[in-house]
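# Architecture at a glance
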Amino acid sequence: TKIKIANKKDWIKKIVFMNYKLKTNIKNLFYSFGNSGISKRLVNRWKGDAIILCYHRVSKNKKRSNFLNPCDSLNTDQILFEEHLNHLSSNYNCVSLSELMNSSNDEHNGFKVAITFDDGYKDNYQNALPILEKYNIPATIFISTRFIEGDIQTWWYDLWEIVLNNSRLDFQINEKQYSVVITSITRKLKIYHLISNYLIMMDYKSQTTFMKKLISKYPVQVYKQEFLNYDELNKLNNHQLITVGAHSHNHSSLSNISNRELLFEISHSKKLLEKKLKSKIEHIAYPYGRKENISTRVIEATREVGYKYGYTTLCRKFNRNDPYYVPRHLINDSIDLKKLQVKLSGFNAFWGLQSS
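What comes next is a walk through the structure. (Residues numbered from 1 in each chain as written. Predicted model: local features only at pLDDT ≥ 70, side-chain atom pairs only at ≥ 80, totals over all residues. Heavy atoms only, no water.)

### A short note on the packing of aromatic side chains
In this structure the tally under the stated criterion is 15 aromatic pairs. Plain terms: the ring middles of F147 and W156 are 6.2 Å apart, the flat faces sit at 85° to each other, and that makes the pair edge-to-face. Accessibility expressed as a relative area gives 3% for F147, which makes it buried. Residue W156 is classed as buried on the basis of its relative accessible area, which comes to 8%. Three or more aromatic residues joined by ring pairs form one cluster here, namely Y121, F147, W155, W156 and F227. The ring of Y307 carries the charged tip of K270 above its face, separated from the ring centre by 5.6 Å. (Phe/Tyr/Trp six-rings, centres within 6.5 Å; stacked < 30°, edge-to-face > 60°. Buried < 20%, exposed > 50% of the residue type's maximum accessible area, 1.4 Å probe, protein only. Lys NZ or Arg CZ within 6 Å of the ring centre and 35° of its normal.)

Now the structure itself:
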């Protein structure tokens, strides 16, 4: 069937759709090969005896995204989340992080899975907890404490709203002035990623200054009630299935800030949580969690502050012998049950690719 292209905008939409379909098809081929018998034999040694899965949000009755919205990479639909947990509870030994990190490196005791959530979104309590309870699966929720303290500026949502709803942007980064036309979705995604890559490497004060200037020109909706409050967090912390961990205070890239800021980020969040929850905080997930966000300096500070374990988003074979550089596998709406099984097989760890 021939598709009639009426104007330039339709051409742009078609090209974007074709580009998205190409990337999707490549990912599908990647996972199809990963699901084959020969692949499973090839990567078996990368499977190890355990895996840690990293979720962010569990959205209720949300239409599956086509991932043209970069923030949708944080979402997992509630129905899909239940499919994951049903499969995991039926086929694997699902354990808490503490049990996993303290267990022996013995694959004969069964392959172990641990569930984690980053940031501290309210839907972890509203939507994820009932499913965790249904399947009796433990989970750890890593909290960025400025969110729960009421500072709910989420530059990733604000930035995408600005980029999506404007056809032109004027902004300055590193003393360089930009004036860009962003009428196509391709251009919008490119500019979003350009700015977000800079923002990730900024300290919180610089992020806030930049976003305030941008929002003064291009107003956005204020996101309210997106994050857990202390009452909900206390209920979670007292729940037999839930462990609370830290995710820094301001959600900063820890390797890109000063020693003083680093110490504040990881110690202040620990002190706040321990004071409010009256329990010891032993686990921290490094914000963003990639190699460029973690350094020897970060790991040394994490150990000195008193954490027992530090978690990354590096896609590697699980290694409990390096407790401050523990890998996790990112999960979102793009990871259906077949793709989850591929991740569990060690295929992604073999290639070092999240591919989520």
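### Concerning the pattern of salt bridges
A side chain of one charge can pair with a side chain of the opposite charge when the charged atoms of the two come close. Enumeration according to the criterion identifies 11 salt bridges in this entry. Note that R328 is salt-bridged to D118, the shortest N-O span being 2.8 Å. Pair noted here: R328 is in the loop between β11 (309-311) and β12 (329-330) and D118 is in strand β5 (residues 112-119), with a separation of 210 residues, a long-range link. Accessibility assignment for this pair places R328 and D118 in one class, buried. Here E232 ties to K122 by a salt bridge, and the two come within 2.9 Å at their closest N and O atoms. Within this pair, whereas E232 is found in helix α11 (residues 230-237), its partner K122 is found in the loop between β5 and α6 (123-135), the two being separated by 110 residues in sequence. Residue class for E232 comes out buried when judged on its relative accessible area of 10%. On the basis of relative accessibility, which here comes to 8%, the residue K122 falls in the buried class. Shared partners join several salt bridges into a network, and the residues in it are D49, K112 and R320. (Salt bridge = Lys/Arg side-chain N within 4 Å of Asp/Glu carboxyl O. Helix = DSSP H or I, 4+ residues; strand = E, 2+ residues; numbered from the N terminus.)

### Things to note about the packing of helix α8 (residues 155-165) against helix α10 (residues 204-217)
In contact at an axis separation of 11 Å, α8 and α10 are set at 30° when each is read in the N-to-C sense. Between α8 and α10, the interaxial angle falls into the category roughly parallel. Two packed elements cross with a definite hand, and for α8 against α10 that hand is left-handed. Taking contact as the criterion, the partners of W155, D158, L159 and I162 in α8 are, on α10, Q207, M211, L214 and I215. Here the contact of α8 with α10 is composed, by residue class, of six nonpolar, one polar and one charged. (Axes fitted to C-alpha atoms, helices over the stretch in contact; angles between N-to-C directions. Parallel < 35°, antiparallel > 145°, perpendicular 65-115°, else oblique. Left-handed = near helix turned anticlockwise from the far one by under 90°. Contact = heavy atoms within 4.5 Å. Nonpolar A, V, L, I, M, F, W, Y, C, P; charged D, E, K, R; others polar.)

### Brief notes about unusual backbone geometry
Despite not being glycine, N136 shows a phi value in the positive range, around 55°. Looking at N136, the relative accessible area reads 52%, which means it is exposed. Of note in this structure, N174 is not a glycine but carries a positive phi near 50°. Following the sequence through the fold, N174 ends up in the loop between β7 (168-173) and β8 (176-181).

### Some details on the nonpolar core
Ranked by size, the top nonpolar core spans 57 residues in total, and within it L53, F81, V113, I115, F117 and L233 carry the most contacts. Setting aside residues no more than four positions away along its own chain, F117 makes contact with Y55, H56, V58, F81, N124, A128, L132, A139, T140, I141 and F142. I191, M202, Y218 and F227 belong to the second-largest nonpolar core, a separate cluster that totals 31 residues. (Core = buried A, V, L, I, M, F, W, Y, C linked by side-chain atoms within 4.5 Å.)

### Considerations on α10
Across its 14 residues, α10 extends 20 Å between first and last C-alpha, which sits within 8% of the 20 Å expected from 1.5 Å per residue. Those residues of α10 not exposed but buried are Y204, Q207, T208, F210, M211 and L214. On an axial view of α10, the arc spanned by its buried residues comes to 165°, and they lie on one face. Projecting away from the buried face of α10 at angles above 90 degrees are the exposed residues K205, K212, K213 and S216. Its buried side turned inward, α10 meets α7 (145-148), α8, β7 and α9 (185-200). (Expected span 1.5 Å × (residues − 1). Arc of directions from axis to C-beta.)

### Thoughts on the environment of M202
The topology assignment puts M202 in the loop between α9 and α10. Relative accessible area serves as the criterion here: at 16%, M202 is assigned to the buried category. Here the alpha-carbon distance between M202 and I257, two residues 55 residues apart in the chain, equals 7.6 Å.

### Here we look at the environment of S89
Tracing the chain through its elements places S89 in helix α4 (residues 78-91). Judged by relative accessible area, which is 31%, S89 ranks as partly exposed. Each C-alpha atom, one on S89 and one on Y135, is 6.4 Å from the other, the two residues being 46 residues apart in sequence. When near neighbours in sequence (up to four residues on either side) are disregarded, S89 contacts C94, Y135 and I137. At a separation of 3.1 Å, a polar atom in the side chain of S89 contacts the main-chain carbonyl oxygen of N86. (Polar contact = N/O pair within 3.5 Å; in protein donor to acceptor, adjacent residues only side chain to side chain.)

### Things to note about the pairing of β8
Walk down a regular strand and you will see the side chains alternate between the two sheet faces. For β7 and β8, the ladder comprises six bridges, and the chain directions are antiparallel. Residue pairing for β8: L169 is matched across the bridge by V180. Between β7 and β8, which pair antiparallel in sequence order, lie two residues; one of them, N174, sits at a positive phi of approximately 50°. (Pairing = 2+ DSSP bridges.)

### With respect to the side chain of D49
Here D49 lies in the loop between α3 (44-47) and β1 (50-55). A distance of 3.1 Å separates a polar atom in the side chain of D49 from a polar atom in the side chain of R320.

Remember, this is a structural readout, not a statement about activity or role.
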